[in-house]
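# Per-entry structural report
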Amino acid sequence: MKKIRLTPLFFRRIHKWVGLILGLQFLLWALSGSVMALLDKDKVGGHGGGMGHAHPLPAGEYFDVAALPRGEPVTGVVLRDLGTRPIYELRTGKGTRLVDATSGEIVHVDEQMARDVASMMNEAPIRKVSVLAKANLESRDHEGAMWRVDFADAENSSAYVSLDTARFLVMRGDTWRTWDFFWMLHNMDYINRKSFNHPLIIFVAFGALWLSGTGFYLLFKSFSRADFRWLRRRRKPVVVTRTS
């Protein structure tokens, strides 16, 4: 078996191929970073109506909380508005239920309610409404089933509304989708697009560190004593002679 010699030539060959592979990723980092910096930050996050319209809870008598229907122990009760309609949000061990705060009737988060909630965030015409059993890449920061409401606007916006609580979750559009694609290239998380501590990027980071170390090693090995001859060169003394 041939013995591997750790010579400058050996390191130069490895450095060349590692530099080629990592150089492609360096190019992607520069490209993705530049694109993300050039995109409109307002369109990337929170476009299509901003945070929506706040509605004060109407005055009047509300249904007695103690008389609410209970099929299981209630761990929390929140009074909030659903557009202009006050509701109780009951939190139980089995999930969340909505109850009309004036009549005590159970409120179901159906398609029409999802449309109403999404329309408070975007006034564009609604193109399509669908149900997601779990979050997709666009709504990955949230959990549980949800409604997806697609709008016919310039950004092809999509609003996500919780199927359990009817709360607005997030709005995404084409600018955000472009940003998210280059964010995936930047943090090298090609599956979840969330983490920058995964093994692949750690491996590349150590590869870049190794590339820098071997680069300095090869840099110094490429010099010879002859390259520094000019530092050792001394001026010859100048002899001045006088003639009478």
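Below is a short write-up of the structure. (Residues numbered from 1 in each chain as written. Predicted model: local features only at pLDDT ≥ 70, side-chain atom pairs only at ≥ 80, totals over all residues. Heavy atoms only, no water.)

All right, on to the overall build of the protein chain then. In terms of regular secondary structure, the protein chain is built from six helices and eight strands. Mapped from its N terminus to its C terminus, the protein chain presents α and β elements in the order α-α-β-β-β-β-α-β-β-β-β-α-α-α. The proportion of buried residues among the 244 residues of the protein chain is 32%. Considering only residue pairs separated by 6 or more positions, the protein chain has 50% of its internal contacts joining residues 24 or more positions apart. For the protein chain, the exposed area adds up to about 16600 Å²; of that, 60% sits on carbon and sulfur atoms. (Helix = DSSP H or I, 4+ residues; strand = E, 2+ residues; numbered from the N terminus. Buried < 20%, exposed > 50% of the residue type's maximum accessible area, 1.4 Å probe, protein only. Contact = heavy atoms within 4.5 Å. Areas by Shrake-Rupley, 256 points an atom, 1.4 Å probe, with all protein chains shown as cover.)

What follows covers a nonpolar patch on the surface. A surface patch of nonpolar side chains, about 360 Å² in accessible area, is lined by Trp 17, Leu 20 and Ile 21. With respect to the element layout, Leu 20 can be found in helix 1 (residues 8-38). (Patch = residues over 30% accessible without salt bridge, like charges linked within 9 Å, V, L, I, M, F, W, Y side chains within 5 Å. Salt bridge = Lys/Arg side-chain N within 4 Å of Asp/Glu carboxyl O.)

Quick look at the sheet that holds strand 4 (residues 106-107) now. Strands sit in the order 1-2-3-4 across an open sheet of four strands; the sheet is antiparallel. Because the sheet does not close on itself, it has two edges, and the strands there are strand 1 (74-82) and strand 4. Relative to strand 3 (residues 95-100), strand 2 (residues 85-92) runs antiparallel, the two sharing six bridges. By the bridge assignment for strand 3, Ile 87 is matched with Asp 100. (Pairing = 2+ DSSP bridges.)

With 14 residues, helix 4 (residues 174-187) extends 20 Å between its outermost C-alpha atoms, agreeing within 8% with the 20 Å of an ideal straight helix rising 1.5 Å per residue. A positive backbone phi angle near 60° is found at Met 188, which sits one or two residues after helix 4. (Expected span 1.5 Å × (residues − 1).)

Here we come to the sheet that holds strand 5 (residues 126-132). The four strands lie next to each other as 5-6-7-8, forming an open sheet whose pairing is antiparallel. Edge positions in the open sheet fall to strand 5 and strand 8 (168-172), since each of these has one partner strand only. On average, each strand axis in the sheet is tilted by 20° relative to the strand beside it, whichever way the strands run. The sheet contacts of helix 3 (residues 111-119) involve strand 5, strand 6 (146-151), strand 7 (158-162) and strand 8, and relative to strand 6 the element is tilted by about 55°. (Axes fitted to C-alpha atoms, helices over the stretch in contact; angles between N-to-C directions.)

Tallying each qualifying case throughout the model produces three aromatic pairs. Consider the rings of Trp 179 and Trp 183, whose centres lie 5.7 Å apart with planes at 5°: the pair is stacked. Here Trp 179 and its partner Trp 183 are both found in helix 4, four residues apart, which amounts to about one turn of the helix. Since its relative accessible area comes to 21%, Trp 183 is described here as partly exposed. (Phe/Tyr/Trp six-rings, centres within 6.5 Å; stacked < 30°, edge-to-face > 60°.)

On to the nonpolar core, then. Met 113, Val 149 and Phe 151 are the most contacted members of the largest nonpolar core, which totals 19 residues. Contributing elements (two or more residues each) for this core: helix 3, strand 6 and strand 7. Among the elements that line this core, the one with the most residues is helix 3, at four residues. With residues up to four places along the chain from it excluded, the contact list for Phe 151 reads Ala 118, Ser 119, Asn 122, Ala 124, Pro 125, Ile 126, Arg 127, Asn 156, Ser 157, Ala 159 and Met 171. (Core = buried A, V, L, I, M, F, W, Y, C linked by side-chain atoms within 4.5 Å.)

In this section: unusual backbone geometry. Non-glycine residue Asn 156 carries a positive phi angle of around 50°. Judged by relative accessible area, Asn 156 falls into the partly exposed class, the value being 33%. In this model, Arg 193 sits at a positive phi of 60°, which is unusual for a non-glycine residue. You can call Arg 193 buried: its relative accessible area is 17%.

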